[in-house]
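# Examination of the molecular architecture
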Amino acid sequence: MKDLFGNAILDYQQGNYTEDIYTETSISEKDVLSLPYLFRAFHNMPHLEQHALLLAKGNVLDVGCGAGSHALYLQEHQELNVTAIDISANAIKACLLRGITNAKQQNIFELTNHTFDTILLLMNGAGMSEFCQIVVVLAFNNQFTLQSISQCSITKGFKVNIQPIKRSILLP
C-alpha cells in the first residue's frame with residue numbers, strides 16, 4: 001500500500017514541507033488539504049472539533065489520528081489517556097515524534113477487546129466506514145447537537161456496545 005498521506009505528514013513533521021495534498025474522489029470534487037492544517041493547535045480547530053475534545057473523558061481512542069493534533073491536545077491539556085491509531089505507519093511515526101505517548105499503526109477493524117470512554121472520529125475518519133457513520137449518527141442527534149456517549153467497548157468481531165448519556169449539548 002502506498003502511504004502518500006502518511007509520507008506527506010512525516011515530511012512536514014521533519015521540516016520537508018514542499019506542497020499540499022490534492023484529493024478527488026468519485027463523490028467529491030478536487031480539493032486542497034493544507035498540511036499545516038493537520039498540525040493545528042486547539043485554538044485553530046473548528047468549533048465543532050473543539051467541543052468534541054472538551055467532551056472527551058477517560059480512556060480515549062482517536063481513530064484515524066493522522067498527524068495527531070486531537071490526541072496531542074487531549075494528552076497535554078486535558079491529561080487524558082489517549083490511544084491514537086491510524087493505518088498509516090508514517091502518520092504514526094509523526095505522532096510519536098510530536099510526543100504522543102500511545103500512538104500505533106492499527107486498523108480499527110482489527111482492534112479487539114478494548115474499552116474506551118470516548119471514541120474520536122474527526123475529520124476524514126468520520127466517513128471511513130459504515131461503522132463510523134453509525135457512530136456519527138448516534139453522536140450527532142441533529143446537525144448542531146452533540147450527544148455524549150458514556151462508554152464504548154470494542155470486542156472481537158468489531159461489535160461496539162454504546163451506552164448513551166441522556167443529555168445533549170447544543171453547539172453554537
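Described below are features of the structure shown in this document. This is a predicted model, so every value here is computed, not measured. (Residues numbered from 1 in each chain as written. Predicted model: local features only at pLDDT ≥ 70, side-chain atom pairs only at ≥ 80, totals over all residues. Heavy atoms only, no water.)

## Here's the deal with helix α1 (residues 4-13)
Among the residues making up α1, those that are buried are Gly6, Ala8, Ile9 and Leu10. Against β1 (21-25), α2 (35-38) and α5 (89-98) lie the buried residues of α1. Looking at the residues trailing α1, positive phi occurs at glycine 15, about 80 degrees. (Buried < 20%, exposed > 50% of the residue type's maximum accessible area, 1.4 Å probe, protein only. Helix = DSSP H or I, 4+ residues; strand = E, 2+ residues; numbered from the N terminus. Contact = heavy atoms within 4.5 Å.)

## Side note on the packing of aromatic side chains
Counted under the stated rule, the structure contains three aromatic pairs. On the numbers, 4.5 Å between centres and 35 degrees between planes, the contact of tyrosine 12 with phenylalanine 39 is tilted. On the criterion of sequence distance, the pair formed by tyrosine 12 in helix α1 and phenylalanine 39 in the loop between α2 and α3 (47-55) is long-range, its members being 27 residues apart. The class of tyrosine 12 is partly exposed, set by a relative accessible area of 24%. What makes phenylalanine 39 buried here is its relative accessible area of 14%. Ring centres 4.3 Å apart and planes at 15 degrees place the aromatic pair phenylalanine 42 and tyrosine 73 in the stacked group. Remark: tyrosine 73 occurs in helix α4 (residues 69-76) and phenylalanine 42 occurs in the loop between α2 and α3; sequence separation between them is 31 residues. For tyrosine 73, a relative accessible area of 11% corresponds to the buried category. A cation over an aromatic ring shows up here: arginine 40 above the ring of tyrosine 37, its NZ or CZ 4.0 Å from the ring centre. (Phe/Tyr/Trp six-rings, centres within 6.5 Å; stacked < 30°, edge-to-face > 60°. Lys NZ or Arg CZ within 6 Å of the ring centre and 35° of its normal.)

## Here's the deal with the packing of α3 against α4
Across the interface, α3 lies against α4 with an axial gap of 10 Å and an inter-helix angle of 40 degrees. Considered as vectors, α3 and α4 are oriented oblique to each other. Our pair here, α3 against α4, has a crossing hand that is right-handed. Contacts from Glu49, Leu53 and Leu54 of α3 reach α4 at His70, Tyr73 and Leu74. Of the residues in the contact of α3 with α4, the class split is four nonpolar, one polar and one charged. (Axes fitted to C-alpha atoms, helices over the stretch in contact; angles between N-to-C directions. Parallel < 35°, antiparallel > 145°, perpendicular 65-115°, else oblique. Left-handed = near helix turned anticlockwise from the far one by under 90°. Nonpolar A, V, L, I, M, F, W, Y, C, P; charged D, E, K, R; others polar.)

## Some points on the nonpolar core
Counting 19 residues, the largest nonpolar core has Leu53, Val60, Leu74 and Ile100 as the members making the most contacts within it. Secondary-structure elements contributing two or more residues to this core are α3, α4, β4 (81-86) and α5. Those residues within four positions of leucine 74 in sequence are excluded, and the remaining contacts are Leu53, Ala56, Val60, Glu79, Leu80, Val82 and Leu120. Counting eleven residues, the second largest nonpolar core, distinct from the first, contains Ile9, Leu10, Phe39 and Ala94. (Core = buried A, V, L, I, M, F, W, Y, C linked by side-chain atoms within 4.5 Å.)

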